[in-house]
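# Understanding the architecture of this molecule
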Amino acid sequence: MRPIVKIATEGLEKSLRTHLEGCLEDGPMAESEVLEESLRFFSPNIPAMGTSLMRSYKLQYGRKIGKTTAQSNIKTNLRLLLSKVKKGFLSTEKQVIVGGNRFGRIFYRKGAEGKIQLKVRELIEKGGGNPLELLNSVKRGPVKMNPKVRRAFELLLYYGFVESKKIGSVLYITEIGYNPVKFKGEKTSEKFPTHFRTWKPFKIETWVLQDGPTKVSLKFDLAGWDTVNKIFYVGLDSEYIGLSALKGFREKQVILGLPSKAVVFCKEISDGGEKYAKKWGIEIRT
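Our subject in this report is the structure included herewith. It should be emphasised that the depicted structure is a prediction, and the values quoted were computed from it without experimental measurement.

## Some words on the packing of helix α8 (residues 243–256) against helix α9 (residues 271–279)
Contact geometry of α8 with α9 gives a least axis separation of 8 Å together with a crossing angle of 30°. Judged on the interaxial angle alone, α9 and α8 are roughly parallel. On the side of α8, the interface is formed by Leu243, Leu246, Lys247 and Arg250, while α9 contributes Gly272, Gly273, Tyr276 and Ala277. In terms of residue class, the contact of α8 with α9 is built from four nonpolar, two polar and two charged.

This is how it looks when you write it as C-alpha cells:
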C-alpha cells in the first residue's frame, strides 16, 4: 500500500480560487469541468512538486517513495484543496448525470443564474441518454409519466426544461407552459394524410403577457394532428407566399405556445420567403 502524505498547500488555495473565479466569469461550469481545470492549472508544477515531496519524505522518514506515489499524493492533496475552494462558490444542488456521465453540480458566479439552463442543455446534448431523449420527445407533445423516464424527468424539472400536467386523469410530462386545449371544428383536408385529425381553418384563444396577462385569438389556414407519430402541424395555405406572410405565420406559431411543426402549402414562394423558411425549419410543400 502506497503511503499517503500530506503536503503544505499554503498560497495554492488563493491562486486556485482566483483562477477559477476568472474561469467562471466566462459562464457556469460543471463540477467535472472545475476539477479538470484545476488539474490543468497545477499540471506544470506537479512534476516539481513531486520531486520536492520525494526529497522531503526521505529527509523526514529516512525512506524513499517513488515518482508515481509522489505525484499520486500531490493530486490527492490538490483534490482536497479544491474541495475547500469549491465551498466558496455558488452552485446548484442537483447533480447532472446523463448517459452514464457524472458531470456533477453546476458552479456559477452571482448574476449568471440565467446561463445555468444553457449550460445544462449543453451537458445533456453531450451526454445523451434518457434526459436528451425526453427533452426531444416533449417538443413533439406530452409524454406519459412512467418509471423509465422518472429520473430524467426529475433532472429536467429541476433545471426548468419540463413540467408535469394531468391531461384527463393521466399524468404527462410537457414543455414549460404547455396548455392542453380542446379543439373544435374538425374537418377533412386533402393537404394531410387520411390518418390525421385536421382543422380548416384552425382557431384558438390563448394567453400572452403584454402589459399583463392578455387573451388573444389566433387563426391558421389549417392544422393537423398526426395520430401515429403524435406531431401537431399548423399550416399556411396560399397560391403565393412572400416573406412578410411567413414572418406573420411564424409569429402566430410562437404565440400559440403548443409544440408544433410549421408547414406551408403554395404554388410559388419568394426567394426571401424560401430562405426564411429554411432558417426556421418551416416545411414547404408545393
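## Points about helix α6 (residues 129–140)
Look at α6: 18 Å from first C-alpha to last across twelve residues, which is about the 16 Å you get at 1.5 Å a residue. If you check which residues of α6 are buried, you get Pro131, Leu134, Leu135, Ser137 and Val138. One side of α6 holds all its buried residues, which, seen down the axis, span an arc of 165°. Buried residues along α6 sit against β3 (96–98), α5 (116–127), β6 (143–144), α7 (147–158), β7 (162–167) and β8 (170–175). Just downstream of α6 lies Gly141, where phi reads positive at about 150°.

## With respect to the environment of Ala223
With respect to the helices, strands and loops of the structure, Ala223 is situated in strand β12 (residues 222–226). When its relative accessible area of 0% is taken as the criterion, Ala223 is described as buried. In this view, Ala223 contacts Phe192, Arg197, Thr198, Trp199, Phe202, Phe232, Tyr233 and Val234; residues no more than four positions away in its chain are not counted.

## A short note on the packing of α5 against α6
Between α5 and α6, the least distance of the axes is 7 Å, while the angle of their chain directions is 110°. As summarised for this structure, α5 and α6 are arranged roughly perpendicular, according to the angle between their axes. You can see that α5 and α6 cross each other, and the crossing is left-handed. From α5, Arg121, Ile124, Glu125 and Gly127 reach across to α6, where they touch Gly129, Pro131, Leu132, Leu135 and Lys139. Considered class by class, the residues forming the contact of α5 with α6 number four nonpolar, two polar and three charged.

## Observations concerning the nonpolar core
Grouped together as the largest cluster of nonpolar side chains are 24 residues, with contacts concentrated most on Val96, Ile106, Val120, Leu134, Tyr159, Phe161 and Ile173. At the level of secondary structure, the elements contributing two or more residues to this core comprise β3, β5 (106–108), α5, α6 and α7. The dominant element in this core, judged by the number of residues it contributes, is α7, at five residues. When sequence neighbours within four positions are dropped, the list of residues in contact with Phe161 reads Gln117, Val120, Arg121, Ile124, Leu135, Leu156, Glu175 and Ile176.

Analysis parameters
- Residues numbered from 1 in each chain as written.
- Predicted model: local features only at pLDDT ≥ 70, side-chain atom pairs only at ≥ 80, totals over all residues.
- Heavy atoms only, no water.
- Axes fitted to C-alpha atoms, helices over the stretch in contact; angles between N-to-C directions.
- Helix = DSSP H or I, 4+ residues; strand = E, 2+ residues; numbered from the N terminus.
- Parallel < 35°, antiparallel > 145°, perpendicular 65-115°, else oblique.
- Contact = heavy atoms within 4.5 Å.
- Nonpolar A, V, L, I, M, F, W, Y, C, P; charged D, E, K, R; others polar.
- Expected span 1.5 Å × (residues − 1).
- Buried < 20%, exposed > 50% of the residue type's maximum accessible area, 1.4 Å probe, protein only.
- Arc of directions from axis to C-beta.
- Left-handed = near helix turned anticlockwise from the far one by under 90°.
- Core = buried A, V, L, I, M, F, W, Y, C linked by side-chain atoms within 4.5 Å.

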